[in-house]
2 protein chains.
Amino acid sequence: MNMPAARRPLTVPEAVAAGFSLDNCPIRDVLNRIGDKWSMLIVVTLGAGPCRFSALKRALPDISQRMLTQTLRDLQRDGLVARAVFPTVPPSVEYSLTPLGLSLLPPLAVLVEWANASHDAIRVARAGYDAEGV
Amino acid sequence: MNMPAARRPLTVPEAVAAGFSLDNCPIRDVLNRIGDKWSMLIVVTLGAGPCRFSALKRALPDISQRMLTQTLRDLQRDGLVARAVFPTVPPSVEYSLTPLGLSLLPPLAVLVEWANASHDAIRVARAGYDAEGV
DNA sequence: CAGCATCCCAGTGGATACTG
DNA sequence: CAGTATCCACTGGGATGCTG
């Protein structure tokens, strides 16, 4: 007998075929977060271990504290990052990945590998495309 | 002797540690494309097979032709999508994935699986976070 | 059919200054 | 230290209308 298709993770074509191309879908949701400028950089940075606010700011040299705070809040809201406040003076706050956040690292690593492996090809393609335009 | 680390694909922490957090890096580049609203949807749609412009528009119900054209051009520029013009009357244009574009499908599928598997957890986390705010 | 051109709005993200 | 508050510029992206 065939398994009920809806109970296992959808493959890419299946997801599209099933009408998940709109924003009712997990993929869009996840892609939005992955796509923003800082989320994944923060996730991989925290992947190396828990980190305090100021340490994160140092690790991400060109992020503004506004975006750091905001992105951290978003990640926390999505359950990817945990925030621990130690009521010392001055206050210290430590951020870390939750189990859910940790589980994102492997898929992300796959993507990063592809990015590294394909970057040269992409640059060549761009150069060729742009050259034609002249 | 130890291998020169720079010659193999970087892992996520390595990439960050190596100072690739800025925009000199492949990852940013790829994440930008992945993050935009339509690129990946088009890629997975073309993953099912070559497709004409109007067919793509039908497959992606809520995309505007402006964004379809533009995203297609970007993907073509990056060497992920090929554009074949058949000089018939009226003209027909077929889009398809290049080998490079095809090679992106598996990494993407991994991410989609994660998205499907984690979506519920994310929704729960959000609900919990938002509830506290009350 | 497969686009390009134009206009316009909303959201994203940067800079800066201030606070518990 | 770890934020919040304001202001502002840029651009992604939608709507519409025209063309080879």
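From a predicted model like this one, the values you see are computed outputs, not experimental measurements. (Residues numbered from 1 in each chain as written. Chains lettered and ligands numbered in written order. Predicted model: local features only at pLDDT ≥ 70, side-chain atom pairs only at ≥ 80, totals over all residues. Heavy atoms only, no water.)

Engineer: I tried to follow the overall build of chain A on my own but got confused; where do I start?
Structural biologist: A count of helices and strands for chain A gives six helices and three strands. When its helices and strands are written in sequence order, chain A yields α-α-α-β-α-α-β-β-α. Taking contacts inside chain A between residues at least 6 apart in sequence as the whole, the part at least 24 apart equals 43%. Within the structure as shown, chain A displays about 7,300 Å² of accessible surface, and the carbon and sulfur contribution to it stands at 59%. (Helix = DSSP H or I, 4+ residues; strand = E, 2+ residues; numbered from the N terminus. Contact = heavy atoms within 4.5 Å. Areas by Shrake-Rupley, 256 points an atom, 1.4 Å probe, with all protein chains shown as cover.)

Engineer: Looking at this structure, how should I read the interface of chain A and chain B?
Structural biologist: Size of an interface, as often reported, equals the accessible area lost when the parts are brought together. Counting residues at the interface gives 51 residues for chain A, matched by 49 residues for chain B. Buried area between chain A and chain B, both sides added, is near 5,200 Å², and the carbon and sulfur share of it is 70%. Linking chain A to chain B there are six salt bridges. With a shortest N-O distance of 2.6 Å, aspartate 78 of chain B and arginine 126 of chain A are connected by a salt bridge. Every element with two or more residues in the side of chain A that touches chain B is listed here: helix 1 (12-17), helix 2 (26-35), helix 3 (39-47), helix 5 (65-77) and helix 6 (99-133) of chain A. In terms of residues, the side of chain A that touches chain B owes the most to one element, helix 6 of chain A, which gives 21 residues. The residue makeup of the side of chain A that touches chain B, split by class, is 32 nonpolar, nine polar and ten charged. (Buried area = accessible area lost by both parts, 1.4 Å probe. Salt bridge = Lys/Arg side-chain N within 4 Å of Asp/Glu carboxyl O. Nonpolar A, V, L, I, M, F, W, Y, C, P; charged D, E, K, R; others polar.)

Engineer: I'm lost on the sheet that holds strand 1 (residues 51-52) of chain B in this one. Help?
Structural biologist: Backbone hydrogen bonds are what pair the strands of a sheet, in a parallel or an antiparallel way. Residue and element names in this part refer to chain B. On the basis of which strands lie adjacent, the open sheet formed by three strands has the order 1-3-2 and antiparallel pairing. The sheet terminates laterally at strand 1 and strand 2 (81-86), the two strands that pair on one side only. Note: strand 2 against strand 3 (residues 92-97), six bridges, orientation antiparallel. Looking at strand 3, one finds that valine 81 is bridged to leucine 97. This element, helix 3 (residues 39-47), spans strand 1, strand 2 and strand 3 of the sheet and lies at about 95 degrees to strand 3. (Pairing = 2+ DSSP bridges. Axes fitted to C-alpha atoms, helices over the stretch in contact; angles between N-to-C directions.)

Engineer: Explain the UniProt feature "domain: HTH hxlR-type" (unreviewed entry) in chain A here, please?
Structural biologist: Here the UniProt-annotated "domain: HTH hxlR-type" (unreviewed entry) positions come out as residues 25-123 of chain A. Secondary structure content for residues 25-123 of chain A is 65% helix and 14% strand, and the end C-alpha separation is 32 Å. (UniProt positions renumbered as here; feature names shortened; annotations may be inferred.)

Engineer: It is not clear to me how the protein's contact with DNA strand C should be interpreted in this structure. Could you clarify?
Structural biologist: Close to DNA strand C lie 20 residues; Lys37 and Arg66 of chain A together with Ser54, Arg83 and Tyr95 of chain B are nearest. The sugar-phosphate portion of DNA strand C accounts for 64% of its atoms within 4 Å of the protein, the bases making up the rest. One nitrogen or oxygen atom from the side chain of arginine 83 of chain B is found 2.5 Å from a phosphate oxygen belonging to DNA strand C. In this structure, a phosphate oxygen belonging to DNA strand C sits 2.5 Å away from a side-chain N or O atom of tyrosine 95 of chain B. (Near = heavy atom within 4 Å. Polar contact = N/O pair within 3.5 Å; in protein donor to acceptor, adjacent residues only side chain to side chain.)

Engineer: What is the right way to read the relation of the copies chain A and chain B from this model?
Structural biologist: There are two copies of the chain, and a rotation about an axis plus a shift along that axis relates them. Laying chain A over chain B is done by rotating through 180 degrees and shifting 0.0 Å along the axis; what remains is an RMSD of 0.1 Å. Interpreted geometrically, this transformation is the action of a two-fold axis. Every residue of chain A has its C-alpha some distance from the rotation axis, and the shortest such distance is that of glycine 35 of chain A, at 1.7 Å. Mapped onto chain B, 96% of the interface residues of chain A again fall at the interface, so both copies present the same surface. (Least-squares fit on C-alpha atoms with pLDDT ≥ 70 in both.)

Engineer: Would you mind going over the sheet that holds strand 2 (residues 81-86) of chain A with me for this structure?
Structural biologist: Residue and element names in this part refer to chain A. As summarised here, the arrangement of the three strands in space is 1-3-2, forming an open sheet in which the pairing is antiparallel. Each of the sheet's edge strands pairs with one partner strand only, and the pair in question is strand 1 (51-52) and strand 2. Where helix 5 meets the sheet, it contacts strand 2 and strand 3 (92-97), and its direction lies at approximately 115 degrees from that of strand 2.

Engineer: So what exactly am I meant to see when it comes to the protein's contact with DNA strand D here?
Structural biologist: Residues in contact with DNA strand D amount to 20 residues; listed here are only the nearest, Ser54, Arg83 and Tyr95 of chain A together with Lys37 and Arg66 of chain B. Taking the atoms of DNA strand D that fall within 4 Å of the protein, sugar and phosphate contribute 60% of them. Within the contact set of DNA strand D, a phosphate oxygen lies 2.7 Å away from a side-chain nitrogen or oxygen of lysine 37 of chain B. In this structure, arginine 66 of chain B approaches DNA strand D through a side-chain N or O atom, which is 2.6 Å from a base oxygen. When contributions to the surface near DNA strand D are tallied by element, the ones reaching two or more residues are helix 4 (53-59), helix 5 and strand 3 of chain A together with helix 5 (65-77) of chain B. Considering each element in turn, the surface near DNA strand D owes the most residues, four residues, to helix 5 of chain A. Within the surface near DNA strand D, the residues separate by chemical class into eight nonpolar, six polar and six charged.

Engineer: Whenever I open this one, helix 6 of chain A confuses me. Can you help?
Structural biologist: At 3.6 residues per turn, the α-helix brings residues three or four places apart onto the same side. For helix 6 of chain A, built from 35 residues, the straight-helix expectation of 51 Å at 1.5 Å per residue is met to within 8% by its first-to-last C-alpha distance of 48 Å. Of all the bends in helix 6 of chain A, the largest measures some 50 degrees and sits at serine 118 of chain A. (Expected span 1.5 Å × (residues − 1). Bend = angle between axes of the 7 residues up to and from the residue.)

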